[in-house]
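These are the residues of each chain, in order.
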Amino acid sequence: MNQSAKLALGDKSAELTLRSGTIGPDVVDIASLYKNTGLFTYDPGFTSTASCESKITYIDGDEGVLLHRGYPIDQLAERGDFLETCYLLLYGELPTASERADFVYHVTRHTMVHEQMSRFYTGFRRDAHPMAVMVGSVGALSAFYHDSTDITDPHQRMVASIRMIAKTPTLAAMAYKYHIGQPFVYPRNDLSYAENFLHMCFAVPCEPYQINPVLAKAMDRIFILHADHEQNASTSTVRLAGSSGANPFACIAAGIACLWGPAHGGANEAALNMLAEIGSKDRIPEFIARAKDKNDPFRLMGFGHRVYKNYDPRAKIMQQTCHEVLNELGIKDDPLLEVAMELEHIALHDEYFIEKKLYPNVDFYSGITLKALGFPTTMFTVLFAVARTVGWIAQWKEMIEDPHQRIGRPRQLYTGAPQRDYLSVGDR
Ligand code: SDX
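How each quantity is defined
Residues numbered from 1 in each chain as written. Predicted model: local features only at pLDDT ≥ 70, side-chain atom pairs only at ≥ 80, totals over all residues. Heavy atoms only, no water. UniProt positions renumbered as here; feature names shortened; annotations may be inferred. Pairing = 2+ DSSP bridges. Helix = DSSP H or I, 4+ residues; strand = E, 2+ residues; numbered from the N terminus. Axes fitted to C-alpha atoms, helices over the stretch in contact; angles between N-to-C directions. Salt bridge = Lys/Arg side-chain N within 4 Å of Asp/Glu carboxyl O. Buried < 20%, exposed > 50% of the residue type's maximum accessible area, 1.4 Å probe, protein only. Domains from an automatic or database assignment. Contact = heavy atoms within 4.5 Å. Polar contact = N/O pair within 3.5 Å; in protein donor to acceptor, adjacent residues only side chain to side chain.

In the nomenclature of an unreviewed UniProt entry, the chain is known as Citrate synthase of Aureimonas ureilytica. Heading Pathway (unreviewed entry) of the UniProt record for the chain holds this comment: "Carbohydrate metabolism; tricarboxylic acid cycle; isocitrate from oxaloacetate: step 1/2."

Visitor: Help me out: how do you make sense of the sheet that holds strand β1 (residues 3–9) in this one?
Guide: Within a sheet, each strand pairs with its neighbour through backbone hydrogen bonds, oriented either parallel or antiparallel. Pairing is antiparallel across the open sheet formed by three strands, whose spatial order is β1-β2-β3. In the strand order of this sheet, the two ends are held by β1 and β3 (27–29), each with one partner. When strand polarity is set aside, the average angle formed by the axes of neighbouring strands in this sheet is 40 degrees. Sheet analysis places strand β2 (residues 12–19) next to β3, joined by three bridges and oriented antiparallel. Among the inter-strand pairings, Leu-18 is bridged to a residue of β3, identified as Val-28.

Visitor: Is there a simple way to think about the pattern of salt bridges in this case?
Guide: Side chains that carry opposite charge are capable of pairing whenever their charged atoms lie near each other. Applying the stated criterion to the full structure yields 16 salt bridges. Note that Glu-15 is salt-bridged to Lys-6, the shortest N-O span being 3.2 Å. Residue classification places Lys-6 among the exposed positions, given a relative accessible area of 61%. Across the pair Arg-290 and Asp-296 runs a salt bridge whose closest N-O atoms are separated by 2.7 Å. Overall, the relative accessible area of 17% leaves Asp-296 in the buried class. Residues joined in a network through salt bridges with shared partners are Arg-19, Glu-53 and Lys-55.

Visitor: Before we go on, may I ask you to explain the domain arrangement of the chain in this structure?
Guide: Often, the extent of an interface is quoted as the loss of accessible area on bringing the components together. Taken domain by domain, the chain comprises domain 1 (4–50) and domain 2 (73–403). When each unit is reduced to the centre of its C-alpha atoms, the spacing between domain 1 and domain 2 is 35 Å.

Visitor: Help me out: how do you make sense of the UniProt feature "active site" (unreviewed entry) in the chain in this one?
Guide: The sites that carry the UniProt feature "active site" (unreviewed entry) are, in the present numbering, His-305 and Asp-363. In three dimensions, the annotated residues from a span of 59 residues occupy one location, with a maximal C-alpha spread of 10.5 Å. Along the chain, His-305 falls in the loop between α13 (284–292) and α14 (313–328). Taking relative accessible area as the criterion, His-305 reaches 23% and is therefore assigned partly exposed. Not counting chain neighbours up to four residues away, the residues in contact with His-305 comprise His-229, Arg-314 and Asn-361. A polar contact is formed between the side chain of His-305 and the backbone nitrogen of Val-307, at a distance of 2.9 Å. With respect to the secondary-structure elements, Asp-363 resides in helix α17 (residues 363–373).

Rendered as structure tokens:
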């Protein structure tokens, strides 16, 4: 039964409905606030604002819990695989054996892109950041797949969803190959999703590419860890773009653009660059001091989170995966890993970080792992985008299928000039 909240506003008051979810904080429904009181709420960073109702992902920031359709991330990462997680995020349940086989069949056979897509790449400079190429190429998919852009058609929505999940790895691998001047490698239907991605990135025509099962498993797990994360900045971007009725390819391109920022998905690239800049353990105190200095814009990249005020559950699994990959590759005493582990130890015992509840997030160890897998830092956020595509598309689909869905149109607190009359240039 819904409770109510009374808002006293001077001589006015407003009765607001309280709503409860399955788990997590209740919400105060303020949809009628402006109509009834002429007042807006004000929350620029959305720190206290629920933008939607969703059944996909739940995060408990204080406890460091992340659930996808109710299943804990550590169980999905340890016992499942990425395409199974994609099915779960899209359809709400873990697939049966036949559902899984059918889903894998369809995703696998949508991994090729229209051959003319390759001409888009030749328009970019070779040294273009691969994220710039991804924003352009994913947005361009809507120029090729008109038959899955009618968002009112459930079949077209599902085809677009499968196409997005299937084609972003291919476009990402093409961005990498173009960046390094090697020929594109076509997808192979006999490989798993992660194996296929590694193959498209690292195979060359001159010799067979040997898939390392440990590295492929690590790649698959990294995809799982980055698949979805509630209403983060890029997912909110995709939802807002989709609320206007824009086609799914354009919405995902908007999500990729938002993810690029160093405060969000760009943090994995920034975190590795930071570890390289620190260089050795003895320089850590200097950077810790800079992170605490209010006058210094420097922040410890890979640390802190809007929601997690505890250890990011993904970071723990990421750290374990990092050690597995380095061990498999025989990389002993990686200087970046040594700096990362010492930095983490110092920060977790430092009053500033404890008081502000700053912990390593998913981006802190991913960079070291991805570098060990052979990717350049410029590809780190691209990999994040490949994994997050399923989360964006699942959230987009949930929004489109919500019968109460309307265009997102926030208001503002206006502090600009009051109305005034035009001045001709001689009177200014
Ligand atoms: C992702 O939202 C998601 O779910 C995102 C994500 C996902 O899966 O989609 O989890 C992926 O984006 C992870 C976060 C990656 N970003 C970084 O690692 C960049 C470094 N982190 C910060 O920029 C910051 O922590 C944010 C952006 C992640 C969170 O910013 P908030 O919530 O706006 O917090 P804030 O900036 O207000 O910080 C609160 C305080 C501030 O000090 P005061 O002004 O209160 O004195 O903590 C300080 C900040 O200065 N602080 C840091 C810090 N992060 C916050 N100080 C030093 N180093 C940091 N990293």
